[in-house]
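Each chain, written out:
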Amino acid sequence: MRIDIITLFPKMFGGPLTESMISRAQKRDLVKIKIHQLRDWAINRRGQVDDKPYGGGAGMILRVDVVFKALTGLKFLSQKISNIQYPISNKIQNSKTKKLTKLKANEAKPYVILPTPSGTKFDQAMARKLAKKKHLVFLCPHYEGYDKRIESIVSEKISIGDYVLTGGELPVAVMVDAVVRLVPGVINKESLKEESFSRKDERPFVSTIEYPQYTRPEIFEMKIRGKKIKKTVPAVLLSGNHKEIEKWRERQ
Ligand code: ADE
């Protein structure tokens, strides 16, 4: 999978994309993530990407022409990438294959996402849908807003929840994390197994964190406001009886 992120604040992706599992996924070439500075497509040398709102009002609005230039630039790149990453065998030449070839090219077409509080709510089912795409492009709007016409040149508007953040960077980091962990090979199959069986209407954490887990120490003692409190591990987990443990976990 290839992911392109267009932003005015590339440094905001520091930690989330350069640490832990997402970093490892990139090092293992399971996913390629590239961050682009939106000002590279600015309308002038001063790096202007926004303008005053028509009709008046406060703040500056992200320009549609700048975003269009950025997206077409990346789409061109994507065609080049798809030729390299998904070569179509020229040994097979019948009409059926021609159809397949077309499908593959279509598959490689970038799916462009605009994070906005007015978008469709992001959930685990949507993460699964996005994880099947070959190429995702995330556009991060910032400041006071964006030209409404930008919505007509993206594939989908997505919200990560009913609250307003200062920009699209944090929502994009959240979505990339949720999507990349579903890319085959990023985490082990066993960890994903429970999820793939979960119902679509189920809250994902119900199925991801299957049952309560415990580790050492067996007895944990603490003192809170002078009161001694003892927290123990459920006896069944220490019993060595695997059948009973399995039953207990299922109940949980
Ligand atoms: N941009 C600002 N707030 C957002 C949210 N809740 N979801 C997606 N994008 C946003």
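Heads up: the structure comes first, above all this text.
Residues numbered from 1 in each chain as written. Predicted model: local features only at pLDDT ≥ 70, side-chain atom pairs only at ≥ 80, totals over all residues. Heavy atoms only, no water.

Caption draft 1: Seen up close, the pattern of salt bridges. Counted under the stated rule, the structure contains 10 salt bridges. The shortest N-O distance in the salt bridge between Asp29 and Lys32 comes to 3.9 Å. Assessed through its relative accessible area of 55%, Asp29 is described here as exposed. Of the charged contacts, one joins Lys247 and Glu244 as a salt bridge, the two residues approaching to 3.2 Å between their closest N and O atoms. Residue Lys247 and its partner Glu244 are both found in helix α10 (residues 242-251); the two are separated by 3 residues, about one turn of the helix. (Salt bridge = Lys/Arg side-chain N within 4 Å of Asp/Glu carboxyl O. Buried < 20%, exposed > 50% of the residue type's maximum accessible area, 1.4 Å probe, protein only. Helix = DSSP H or I, 4+ residues; strand = E, 2+ residues; numbered from the N terminus.)

Caption draft 2: Spotlight on the sheet that holds strand β2 (residues 32-37). Strand order in the open sheet formed by 5 strands is β2-β1-β6-β5-β8, with parallel pairing between adjacent strands. Only two strands of the sheet have a single neighbouring strand rather than two, namely β2 and β8 (156-159). This sheet shows a mean twist of 30° between the axes of neighbouring strands, independent of strand direction. In the packing of helix α6 (residues 169-180) onto the sheet, the strands contacted are β1 (2-7), β2, β5 (111-121), β6 (135-139) and β8, and the crossing angle to β1 comes to about 175°. (Pairing = 2+ DSSP bridges. Axes fitted to C-alpha atoms, helices over the stretch in contact; angles between N-to-C directions. Contact = heavy atoms within 4.5 Å.)

Caption draft 3: Focus on the environment of Ile35. Tracing the backbone shows Ile35 in strand β2. Leave out the neighbours within four places in its chain, and Ile35 touches Ile5, Thr7, Pro10, Phe13 and Leu17.

Caption draft 4: Spatial organisation of the packing of aromatic side chains. This structure, assessed with the given rule, holds 0 aromatic pairs. Cation over ring: Lys133 sits above Tyr111, and NZ or CZ is 4.2 Å from the ring centre. (Phe/Tyr/Trp six-rings, centres within 6.5 Å; stacked < 30°, edge-to-face > 60°. Lys NZ or Arg CZ within 6 Å of the ring centre and 35° of its normal.)

Caption draft 5: Expanded view of the sheet that holds strand β4 (residues 61-62). Overall, mixed pairing links the 3 strands, which are arranged β3-β4-β7 in an open sheet. Bordering the open sheet on either side are β3 (50-51) and β7 (145-146), each of which pairs with just one other strand. Where β4 and β7 come together, 2 bridges link them in parallel fashion. Paired with Leu62 across the bridge in β7 is Tyr146.

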